[in-house]
Each structure stands twice: as structure tokens, then as C-alpha cells.
Amino acid sequence: MTANIIDGKLMAQELREQLAQKVAHLPTAPHLAVILVGNDEASIIYDRNKKKAAEAIGMKCTIHHLDENTTQEELLRLIQQLNADSSVNGIIVQMPLPRHLNSELMIESINHAKDVDGFGIYNIGLLHSNDSSAMVAATPQAVLYMLQQSLGDITGKHAVIIGRSNIVGRPLASLLLNHHCTVTIAHSKTVNLSKIAASADILVSACGVAKMVKGEWVKPGATVIDVGINRIDGKLCGDVDFDEAKEVAAYITPVPGGVGPMTVTMLLNNTLRAYIEQNSSLKK
Ligand code: NDP
């Protein structure tokens with residue numbers, strides 16, 4: 001068996017076209033504000049890509065690129081200014097922040113209606129309470145969208161998620177639970193990980209260990225979603241040994257071209273949603 005490839009790039013392109021059509025009918029452009037502190041190279045590239053993707057669908061994106069030595073007070077002041085600015089619909093603070101800045105404090109300072117990364121405790125609480133008004137983090141939403149597009153209804157499936165971070169593993173576990181999967185969360189202390197993985201109908205890896213998930217970790221006919229972004233000899237690869245797993249799985253995402261492009265798209269989707277909710281007369 002050779003798995004069907006879940007083409008995240010194509011899915012993202014289709015979804016962005018739909019978003020562009022919706023944005024074209026709005027009275028003003030939804031506005032995403034990105035706060036970037038310092039000169040982390042990967043962060044600069046990520047944020048440039050977000051801006052490019054936002055502008056390509058008719059949204060506005062402003063990157064506030066602050067000096068490495070920005071103080072906590074200065075950063076808080078900017079967040080408060082953006083919270084109060086009614087022309088700004090979404091605010092994200094690019095992680096990692098320089099060590100002298102308190103990331104949790106910055107995230108919690110964002111107005112929850114503008115928390116389009118969904119990292120704040122308020123939105124996490126709503127998600128964990130299965131409240132549909134939660135603003136859900138982009139990567140878990142991307143994974144859910146790809147699963148639904150490929151499998152349709154995922155009710156009753158056993159999902160095993162490798163990774164328990166606050167930005168991927170935990171919110172994804174809640175999201176899949178809310179969609180009636182039976183969810184197992186695995187992590188670095190999990191015993192018999194390969195056996196647990198092999199019991200999954202849906203296997204999601206988000207641990208950041210290159211090619212850790214081997215073919216024998218995959219149940220025949222399972223769906224494998226690879227969130228990991230790693231490099232071997234400078235070449236991008238996921239957490240899954242793609243060549244092995246694709247011979248066993250029914251569906252699989254590649255790296256690159258899988259979850260990554262869908263994540264940016266879901267951030268734009270959240271920004272559009274925030275815009276509509278902040279302009280309540282536009283709600284249907
Ligand atoms: P974190 O480092 O925050 O979390 C990694 C998780 O994986 C932890 O829960 C850790 O366990 C677990 N883990 C680490 N090693 C192992 C192992 N050998 N066996 C089982 N579990 C293990 O990472 P993130 O959640 O931020 O990101 C995970 C990966 O996803 C990274 O490669 C990142 O680059 C990628 N990523 C991709 C995105 C995309 O859009 N495609 C978006 C976000 C992240 P423990 O808790 O015990 O330490």
C-alpha cells in the first residue's frame with residue numbers, strides 16, 4: 001500500500017482563495033499586527049511569510065520590529081496601544097522572545113478578542129471547555145482541517161498525539177476530543193511509545209525529533225500527520241520517516257508542504273474571524 005499524500009500546499013492555496021473572496025467583500029481590510037523583538041533569523045522569515053500571505057489575500061499586516069533590548073514596559077505599552085486601536089483586529093507576539101522578557105505576561109496582555117494565536121489562558125480555557133467561541137491556535141486547527149478534508153467525520157477514531165506543548169499537542173488533544181476522537185497524548189516520558197503509536201487510527205507527531213516515527217509505528221490504513229519541522233544535513237524533514245510510513249498509512253502529510261502552509265492559512269482565518277466578531281454588524 002502507498003498512502004495518499006495530503007497536499008497541505010494545495011489545501012492552503014484553495015482555502016486562501018476562499019478567504020480572499022470573503023475579504024474582498026468587507027468594507028475595510030482585516031489588520032494583523034505582528035510584534036517581533038530582536039533578530040532571530042527564523043522568526044524574521046516566519047513573520048515576513050505571514051505578511052506576504054496576509055497581503056496576498058487583501059489583508060493588512062503590520063510588523064512591529066523592535067530592538068533586542070526593548071524593555072518589558074515598552075513592549076507592554078505597544079501591546080496596550082494595539083489593544084486600544086480599533087483598526088487592529090489581531091495581535092501576535094512572535095516567540096521566542098529575548099530572555100529578559102516574560103512571554104506569558106505578554107501573551108496574557110493581549111486582548112482575548114485579538115488573540116489570534118489562541119495562546120492566552122482565556123481562549124485555552126474556552127477550548128478545553130468545548131466552547132465554540134474559543135480562538136484556537138493555528139497549528140491544531142490546521143491538523144483538524146486536514147483530517148476532516150481527508151477522512152470526513154473523525155468521530156470515534158483513536159488519535160495518538162506525540163507531544164504535549166501548549167502550542168500544538170495540548171490544544172490539538174482538546175480539539176480532537178471536542179470532535180469526538182478518543183485521544184491519547186504521548187511525550188518524552190511515555191513508555192512503549194511505538195506500540196501506543198501503532199494503535200492509532202490517527203497518528204500526529206509534534207515532537208521535533210527527525211524521522212523518529214518508523215513504519216512499524218504506524219497501523220496499516222492509519223492517517224499520519226507530521227507537524228515536526230527538523231533538518232538533517234540542512235534538508236527539511238518531519239518527525240516521521242516518510243518513506244517507511246507511506247508504505248503503511250492510508251493518508252500522510254509530507255514535510256515540507258504539509259502542515260506548515262496550512263498553519264499560516266489558519267492564522268489568517270483567525271484574523272478574519274476576529275475582524276467579523278469585532279464588527280458585529282457583519283455577523284450573519
Ligand atoms: P516543544 O519542544 O515545545 O514540545 C515537544 C514535545 O514533544 C514535548 O511535549 C516533548 O515531551 C515531546 N517529545 C520530545 N522528544 C520526544 C520523544 N523522543 N518521544 C516522545 N515525545 C517527545 O515543541 P513544539 O510543540 O513547539 O513543536 C513540535 C514540533 O513541531 C517542532 O519540530 C516544531 O518545529 C514543529 N512545529 C511546526 C509547526 C507547523 O506549522 N508545521 C508549528 C509549530 C511547531 P516532554 O513534554 O516530555 O518534554
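Cut-offs applied
Along every chain, residues carry numbers that run from 1 in the direction the sequence is written. Local features are withheld for residues below a pLDDT of 70 in this predicted model, meaning they are given only at 70 or higher, and side-chain atom pairs are given and counted only at 80 or more; totals for whole chains, interfaces and linings count all residues. The basis for every side-chain value is the complete set of non-hydrogen atoms in the structure, without hydrogens or water. Being near a molecule or strand, for a residue, means having at least one of its heavy atoms within 4 Å of it. Under this definition, polar contacts are N or O atom pairs within 3.5 Å; protein pairs additionally need one hydrogen-donor-capable and one acceptor-capable atom, and for neighbouring residues in sequence, both atoms have to be side-chain atoms. In short, Shrake-Rupley with a 1.4 Å probe defines the accessible areas, and a residue's cover is counted only from the protein chains shown. Strands are runs of DSSP state E lasting at least two residues, helices are runs of H or I lasting at least four, and both sets are numbered from the N terminus onward. Each residue is assigned to one of three groups, with Ala, Val, Leu, Ile, Met, Phe, Trp, Tyr, Cys and Pro labelled nonpolar, Asp, Glu, Lys and Arg labelled charged, and all others, Gly among them, labelled polar. Think of it in three bands: residues with accessible area under 20% of the maximum for their type are buried, residues over 50% are exposed, and the middle band is partly exposed, with areas taken using a 1.4 Å probe on protein chains only. Whenever a carboxyl oxygen of Asp or Glu lies within 4 Å of a side-chain nitrogen of Lys or Arg, that contact is scored as a salt bridge. All axes here are fitted lines through C-alpha atoms, helices being fitted over the stretch that makes contact, and every angle between N-to-C directions spans 0 to 180 degrees. Roughly parallel means an angle under 35 degrees; roughly antiparallel means over 145; roughly perpendicular covers 65 to 115; every other angle is labelled oblique. Each helix crossing is assigned a hand: it is left-handed if the near helix lies turned anticlockwise from the far helix by less than a right angle, otherwise right-handed if that turn is clockwise. It only takes one pair of heavy atoms within 4.5 Å for two residues to be counted as in contact. Each patch is built from residues that are more than 30% exposed by relative accessible area and take part in no salt bridge. Like charges join if they lie within 9 Å; nonpolar side chains (Val, Leu, Ile, Met, Phe, Trp, Tyr) join within 5 Å.

Student: What is the right way to read the site of the ligand from this model?
Tutor: Around the ligand, a shell composed of 22 residues is seen, among which Arg 164, Ser 165, Ser 188, Ile 229 and Thr 263 lie nearest. One of the side-chain N or O atoms of Ser 188 is found 2.5 Å from an oxygen atom in the ligand. A distance of 2.9 Å separates an oxygen atom of the ligand from a polar side-chain atom of Thr 263. Contact with the protein chains hides 68% of the accessible area of the ligand, taken as 930 Å² for the molecule alone. It is helix H10 (residues 259-278) that contributes the most residues to the shell around the ligand, three residues altogether. In terms of residue class, the shell around the ligand is made up of eleven nonpolar, ten polar and one charged.

Student: Looking at this structure, I do not really get unusual backbone geometry. What am I missing?
Tutor: Residues other than glycine predominantly adopt negative phi, and peptide bonds predominantly adopt the trans conformation. Put simply, Met 95 and Pro 96 share a cis peptide bond, and its omega is 0°. Mapped onto the fold, Pro 96 is located in the loop between strand S4 (90-93) and helix H4 (103-109). Of note, Lys 211 is a non-glycine position whose phi angle comes to about 50°, a positive value. Taking relative accessible area as the criterion, Lys 211 reaches 34% and is therefore assigned partly exposed.

Student: What should I look at first to understand the pattern of salt bridges in this one?
Tutor: Side-chain pairing between opposite charges can occur once the charged atoms of the two side chains come close. One pass over the structure, following the stated rule, counts six salt bridges. For Glu 247, the salt bridge goes to Lys 246, with nearest N and O atoms at 3.0 Å. Between Arg 273 and Glu 277 there is a salt bridge whose closest N-O contact spans 3.0 Å. Of the two residues, Arg 273 and Glu 277 both sit in helix H10, four residues apart, roughly one turn of that helix. Residue Arg 273 is classed as partly exposed on the basis of its relative accessible area of 24%. Accessibility expressed as a relative area gives 38% for Glu 277, which makes it partly exposed.

Student: What is the right way to look at the packing of helix H6 (residues 138-151) against H10 in this model?
Tutor: Axis angle and axis distance: for two packed helices, these are the angle between their axes and the distance between the axes, and together they describe the pair. Axis separation between H6 and H10 bottoms out at 8 Å; the angle between their running directions is 110°. With respect to their mutual orientation, H6 and H10 come out roughly perpendicular. Viewed along their axes, H6 and H10 form a crossing whose handedness is right-handed. Seen from H6, the contacting residues are Ala 138, Thr 139, Gln 141, Ala 142, Val 143, Tyr 145 and Met 146; seen from H10, they are Val 259, Met 262, Thr 263, Met 266, Leu 267, Asn 269 and Asn 270. Per-class residue counts for the contact of H6 with H10 are nine nonpolar, five polar and no charged.

Student: Is there a simple way to explain a nonpolar patch on the surface in this structure?
Tutor: Where nonpolar side chains cluster on the molecular surface, the patch consists of Tyr 46, Ile 229 and Leu 236 and spans about 280 Å² of accessible area. Take Tyr 46: it is sitting in helix H2 (residues 41-56). Owing to a relative accessible area of 43%, Tyr 46 belongs among the partly exposed residues under this scheme.

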